[in-house]
Amino acid sequence: MKKIIALILTGVILISGLPAMKVSANVQLGVQTFTATEVYYVVGQSIIDGSSIIQPSITVEWTDPITWAEGMNPSDYHTPDYYLIKLVNKTTSKTQELQILKGTEEFVAKKVKLHEHTNLETGSFYEITIQPMHYHQIDVDTRVLAPSSGTPKKVYVITDPLVELQADENEIRVVWDNVGNDQMSYKIVYALGDFTNRTAAELVTNKTGEITNVTTATEGVTEFYDPLTKRAKLSYTITQNVYPGQIYSFIVEPTLDYVDGNQITRNRNFQYINTCSTNVGLAVVEDGDYVRLQWQIPPSFKVGSDQAEYELVEAQLVEYSEGLSRNIAIFKNSVAASMEYYKIQKPVKETEYQIKLRYEAVSSSSKPPIYANSAKVPYVPEAMKITPTQPYVPQPISQKILDQLKAANTAAGLKLIMEKKYMVPGDYFSNSDILNFISTNRSFTVDKNTNTIKLVFEAFKKRETDTNSPVYGQYTVDANVYYDIYVSNNINDLAGAIPVLKEQKFSQSTDNVISDTGGNIIGYKVDLNKYFTADSIGLKAIVPNQIYYIKVVAYKKWGDEVAKSVPTIVTIYFDYDGDISSPPLISTPPLKVVADNTTDTSVQLKWAENWYEIVAKDTTAFPVLDQWTNEIWVDKVTGDLSTTELAS
């Protein structure tokens, strides 16, 4: 008996020696209701081509239970410390989690605009769940999440698909996001006219056509993967009631209402309206000493829900040359629809042609006329079809590099170096430039305050071939040259990169021009603050401490023909202090001939698939690293670098 009492006392002593601990047994209840109250979009702008795009928005709301589960002790943490919202994009297989913390406005209001926390994707099927969470305090330093009761409340949402319209003369290809659900179907509604400032209901009321129950199995529907947006897409081509030179408005709507017995929330009444213009087909074809302007246009067509008939009443052929226009011919009534072509003397300079049409309602003079124009189609004499030369980009410079050059050179020597290495040909370095050259925006440099790469390059010049021109035989800047500029942090990504600037043309009136002392254009300047990376969609903001590869391509366009220059690829690196360098560009891997295995009829080559690069931040201090070499030798005593083997 004494032994048993002793054991009991020992147990009491041991228990009393343990630290104080709170044991909580209450569970975390779920919310009472959870709904997606608004599925809509915000209109934005594509960084690729400036076109309008939509950015989805989803708002969710919930209500709490009347009382939360109580713990054994009134001081237990039994109300939520935060709400955990999980978004599962079943289209792209991406999952995101958001914590709505106690004390925030959203926590109190029980309402969250999800698009303010994360980037939502267009044309996606979302499963969204919410779970209140609270902690149990185990001791002073330890707390754990309380167990949850039941399954989280969930809602299903489909965001508006991103739609692209590709118009030809008599057909429109509709491309949209593939939501990816096997049960998914879509509805395409289109109407003649621009409905962008009107409602979706008005478009439906005035519809020209409607295709319902469109699925991946529908005849004419094509499934494909778009590597640019990294999305699965669907396309369908519409040919019925599509006429040249008209504006059409489209709505593409997913029509799935339930999944597994759960209702889907989507934008049902205010869908985004997309528009496009069909082309009037005009072709320019050489025919001996003439050019033949040929077309195919309808003499009449019916439009609208009332199928009102319109007929051609006038067609004009217009010529554009050196900024001036003139009418070549005017055809009344439906004459142009039946003759289909017109011949004129072959021009000796670049000229554009356009056909302009006017249709009027047959039954009512009160209806407004419909105008349809072709695109301006160029004709370029064969002698003028030239390919632009490779754009020249000077070496990058910073204030630090300029200061070093000033210290090491006379004024005359500095002028020679600047004009040869750091400025576009024809530019002039003056005494006043010594103090503020970087701020003149005539050099390839970086603005460290905005992380903007300021690129400059030479304008393409061509020899004037028009004998009537006052500058015949001279080289003048060709203003009809387009430029594409790409920026990436990986040279291997340049081939498939999105251009930072696309189809850019410059004129004397733009701020992008660099002129010589006589006011003549000699180069262009552009600000670059975005770059392409293959591991994300779209373009990212430029940041310091990365090597950037910049590709510049110049090209001429003549209708469907394009003549592109050899691309120029340059590198630039800058740090947070604004220091700049231009790391050498490696276009091929280290390669060498195996001399011992070379015979009269064969040569054995070997190359490295992996290698290290040594980059000089300051090539003035390390001139050996001014250009790429596959071997560098270091003097053990002095630390000097050499491209040839040093004596041991």
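See above for the structure.
Overview of the structure. Small disclaimer: the values here were computed from a predicted structure and weren't measured.

### With respect to the environment of Glu 223
- Here Glu 223 lies in strand E14 (residues 222-226).
- The spacing of Glu 223 and Ser 235 is twelve residues in sequence and 6.8 Å in space, taken between C-alpha atoms.
- For Glu 223, the contacting residues outside a window of four places in its chain are Asn 178, Thr 216, Lys 233 and Leu 234.

### Details of the sheet that holds strand E10 (residues 163-167)
- Here four strands make up an open sheet; going across it, the order is E10-E11-E15-E14 and the pairing antiparallel. In the strand order of this sheet, the two ends are held by E10 and E14, each with one partner. On average, adjacent strands in this sheet sit at an angle of 30° to one another, irrespective of strand direction.
- As paired strands, strand E11 (residues 172-177) and strand E15 (residues 231-238) are joined by six bridges and run antiparallel to one another. Along E15, the bridge assignment pairs Trp 176 with Leu 234.

### Brief notes about the environment of Ser 432
- Inspection of the secondary structure puts Ser 432 in the loop between helix H6 (411-422) and helix H7 (433-436).
- On the basis of relative accessibility, which here comes to 49%, the residue Ser 432 falls in the partly exposed class.
- Within the structure, Ser 432 has its side chain in polar contact with the side chain of Ser 430 (distance 3.0 Å).

### Describing the packing of helix H5 (residues 399-408) against H6
- Closest axis-to-axis distance for the H5/H6 pair is 10 Å, and the angle between their directions is 145°. Crossing geometry of H5 relative to H6 is assigned as right-handed. Together, Ile 401, Leu 402, Leu 405 and Lys 406 of H5 and Leu 414, Ile 417, Met 418 and Tyr 422 of H6 make up the contact between the two elements.
- Taken together, the residues of the contact of H5 with H6 sort by class into seven nonpolar, no polar and one charged.

### Comments concerning the layout of surface pockets
- When its volume is computed, the second largest pocket comes out at roughly 1100 Å³.
- If you go around the second largest pocket, you meet 38 residues; those closest to its centre are Glu 350, Thr 351, Glu 352, Pro 378 and Val 380.
- Contributing elements (two or more residues each) for the lining of the second largest pocket: strand E20 (282-287), strand E23 (308-321), strand E26 (351-361), strand E28 (377-379), strand E32 (475-477) and strand E39 (546-558).
- If one sorts the elements of the lining of the second largest pocket by residue count, E20 sits on top with five residues.

### Considering empty space enclosed by the protein
- Scanning all chains against the criterion turns up two cavities of 30 Å³ or more.
- If you add up the space inside the largest cavity, you get close to 50 Å³.
- Forming the boundary of the largest cavity are Ile 54, Asp 160, Pro 161, Val 163, Ile 251, Val 252, Gln 271, Tyr 272 and Asn 274.
- Partitioned by chemical class, the residues of the lining of the largest cavity number six nonpolar, two polar and one charged.
- Here the second largest cavity is characterised by a volume of approximately 40 Å³.
- Taken together, Ile 158, Thr 159, Asp 160, Pro 254, Arg 266 and Asn 267 form the lining of the second largest cavity.
- A class-by-class count of the residues in the lining of the second largest cavity yields two nonpolar, two polar and two charged.

Conventions we followed
Residues numbered from 1 in each chain as written. Predicted model: local features only at pLDDT ≥ 70, side-chain atom pairs only at ≥ 80, totals over all residues. Heavy atoms only, no water. Helix = DSSP H or I, 4+ residues; strand = E, 2+ residues; numbered from the N terminus. Contact = heavy atoms within 4.5 Å. Pairing = 2+ DSSP bridges. Axes fitted to C-alpha atoms, helices over the stretch in contact; angles between N-to-C directions. Buried < 20%, exposed > 50% of the residue type's maximum accessible area, 1.4 Å probe, protein only. Polar contact = N/O pair within 3.5 Å; in protein donor to acceptor, adjacent residues only side chain to side chain. Left-handed = near helix turned anticlockwise from the far one by under 90°. Nonpolar A, V, L, I, M, F, W, Y, C, P; charged D, E, K, R; others polar. 1 Å grid on protein atoms, 1.4 Å probe; cavity = no way out; pocket = protein on both sides within 12 Å on 5 of 7 lines; lining within 4 Å. Points joined across faces, edges and corners; volume = space filled by probe spheres on them.

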